[in-house]
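Chain by chain, the residues run as shown.
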There are 2 protein chains.
Amino acid sequence: MDSSESLADFLARARSWVEEGLDRALPPEGELPESLHGAMRYAVFGGGKRLRPALALGACETLGGSPGDALAGAVAFELIHTYSLVHDDLPSMDDDDLRRGRPTCHKVYGEALALLAGDALQALAFQVIASWPPGGERALATARILGRAAGSLGMVGGQVLDLEGEGREPDLEAVRAIHERKTAAMIAGALQAGGAAAGAPPERVELLGKAGILLGLAFQIRDDVLDETADAGTLGKTPGKDRKSGKRTWPAAVGLEESRARAETLVREGLALLEEAGIRKGPLPELALYLASREK
Amino acid sequence: MDSSESLADFLARARSWVEEGLDRALPPEGELPESLHGAMRYAVFGGGKRLRPALALGACETLGGSPGDALAGAVAFELIHTYSLVHDDLPSMDDDDLRRGRPTCHKVYGEALALLAGDALQALAFQVIASWPPGGERALATARILGRAAGSLGMVGGQVLDLEGEGREPDLEAVRAIHERKTAAMIAGALQAGGAAAGAPPERVELLGKAGILLGLAFQIRDDVLDETADAGTLGKTPGKDRKSGKRTWPAAVGLEESRARAETLVREGLALLEEAGIRKGPLPELALYLASREK
């Protein structure tokens, strides 16, 4: 990592780095069943921001690891993030037709295949961690971090709380409980995976997790705010949908102005914890600020 | 393992052993989100045969390992098997109301929760492998074996071929391609996981995989035959459904009599490979014979 690298350059480098890894991890489209591998690739190569891989790479490099150490975890987190979007868009869930400006996976491949593509992406994520460098205890730590972040106490648990909260009074505590699990757990996990890949001691990995929860919440608040204020062209998905479907969002709970203020506070607290974990330099502090102010 | 232990005693011991492990792996029902953890437990504790855990335990013990070495893999294979049934039963897939004599998970908890419970069970499977003994290279090998068996080149790939084959001419090659992936890959993987847990060398683990594919095919043929000949009470699910939905089954491809003969040949070949892998004694040879002749 070059210390003069701009955030934009870092993000571009992280994107092409992880997309090469994703391409290597995914079976070719010609491999039987072709439809399944086509659906998996359609979902994965859909223009995502690759934020979680960037966080893993940034944490790993800043703490003295190499990109090669961080790649398996970065690819795995992106595969899990992708499967969650595919399942989230299904008719029995959010029933979305549009994702990042393109038809959702089930609109193109049908419901059954989208469901199964998501399932296969999750298995592949863990297989990559177990098969690629760095191996050993660092690989096992990464699998534990991902399993916890993605499972019933993390991302999937957050999706359930989100669904069950629809139409209920959006009090702040409930909104936070949802988003700590649904979004922040995977953001935090990606940072932790980067730290574990660099061989950071467990206390430091834990601090990265705490920082990541705060930064992940800030990221989600920004998402909720954009859902209310941006247009479909900028957003690449249907805006205003969360509020319409009665979801518990930050703006619904405390209003737009207060949501913005809370995102700023969370980022400040998150940056302090990152520093405590040994991350003062590198792209992550700037990336954290960007998370809470991005326009799409 | 007591050499005088009967097959029934071994299966009962494997069942209570793995059910204790499953209970320990699954968050308690009172853990937030309670509905999700309830759905996960409902699906897992539904009276399954626990065949895959028994295969893992039998392979591990016969090759000199302890039950403690095999438990993580056994629990993980059963969690993956369970999630695949939950997703398979969903309306967008096989649309089944009954499983092992009980309402299917989505009939009790709704489609969204059943989908998410399946997703969380898969994450938990890999988390258990990464968190429990034996750790190290044996744990990583188990995760690789499970990832391959469960993923797009294994079980999920088989489900796709199965769906795409519905209503087409059921030629034997197509039926075999489906069932090698859909059923046999996970049977083979469970044997391999047991071998890996015992620290068996890779060549031996590979032989276990080859044996498991043949035994898994025999198991599936028996399943297809029972689907045509048994009644709902014995079967615990709706009989004749595969044929009615135009699925490619063995009896549909070659008739009942020839299906039975093929199952016998496959078991004989599978037993020879098991022997080559060092498994002559213990419960597995008898279990293999049972697989091809069971009545439910």
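I will try to describe carefully the structure that is included in this document. None of these values were measured; they are calculated from a predicted model.

With that settled, the discussion passes to the relation of the copies chain A and chain B. If you rotate chain A by 180 degrees and push it 0.0 Å along the axis, it lands on chain B with an RMSD of 0.0 Å. The transformation relating the two chain copies, once decomposed into turn and shift, fits a two-fold axis. Judged by C-alpha distance, A:Gly136 is the residue of chain A that lies nearest the rotation axis, at 3.0 Å. Residue by residue, 100% of the interface of chain A is reproduced at the interface of chain B, so both copies engage with the same surface.

Take the nonpolar core next. The biggest cluster of nonpolar side chains holds 198 residues, and the ones touching the most others in it are A:Ala117 and B:Ala117. Setting aside residues up to four positions removed in sequence, B:Ala117 forms contacts with B:Leu36, B:Ala39, B:Met40, B:Ala43, B:Val86, B:Cys105 and B:Tyr109.

Our next topic: the environment of A:Leu284. All names here are of chain A. Considering the arrangement of structural elements, one finds Leu284 in helix H15 (residues 284–291). Owing to 28 C-beta atoms within 10 Å, Leu284 belongs among the buried residues under this scheme. Leu284 sits 225 residues away from Ala59 along the chain, and the two C-alpha atoms are 7.3 Å apart.

What follows deals with the environment of B:Ala139. Along the chain, B:Ala139 turns up in helix H7 (residues 136–150). B:Ala139 gets classed as buried once you count the C-beta atoms within 10 Å, which come to 25. Placed 67 residues apart in sequence, B:Ala139 and B:Ala72 show a C-alpha to C-alpha distance of 8.4 Å. When neighbours within four sequence positions are excluded, B:Ala139 is seen to be in contact with A:Leu140, B:Ala72, B:Ile129, B:Ala130 and B:Pro134.

Once that is clear, we can look at the packing of helix H10 (residues 202–229) of chain B against helix H14 (residues 256–276) of chain B. All names here are of chain B. Relative orientation of the contacting elements H10 and H14 amounts to 160 degrees, with a least axis distance of 8 Å. One finds that H10 runs roughly antiparallel with respect to H14. Seen along the crossing, H10 lies across H14 with a hand that is left-handed. Every residue of H14 that contacts H10 at Leu207, Lys210, Ala211, Leu214, Leu215, Leu217, Ala218, Ile221, Arg222, Asp224, Val225 and Glu228 is listed here: Leu256, Ser259, Arg260, Arg262, Ala263, Leu266, Val267, Glu269, Gly270, Leu273, Leu274 and Glu276. In the contact of H10 with H14, the residues fall into 14 nonpolar, two polar and eight charged.

Rules of the game
Residues numbered from 1 in each chain as written. Chains lettered and ligands numbered in written order. Predicted model: local features only at pLDDT ≥ 70, side-chain atom pairs only at ≥ 80, totals over all residues. Least-squares fit on C-alpha atoms with pLDDT ≥ 70 in both. Contact = placed C-beta atoms within 7 Å. Core = buried A, V, L, I, M, F, W, Y, C linked by C-beta atoms within 7 Å. Buried ≥ 20, exposed ≤ 12 C-beta atoms within 10 Å, placed from the backbone. Helix = DSSP H or I, 4+ residues; strand = E, 2+ residues; numbered from the N terminus. Axes fitted to C-alpha atoms, helices over the stretch in contact; angles between N-to-C directions. Parallel < 35°, antiparallel > 145°, perpendicular 65-115°, else oblique. Left-handed = near helix turned anticlockwise from the far one by under 90°. Nonpolar A, V, L, I, M, F, W, Y, C, P; charged D, E, K, R; others polar.

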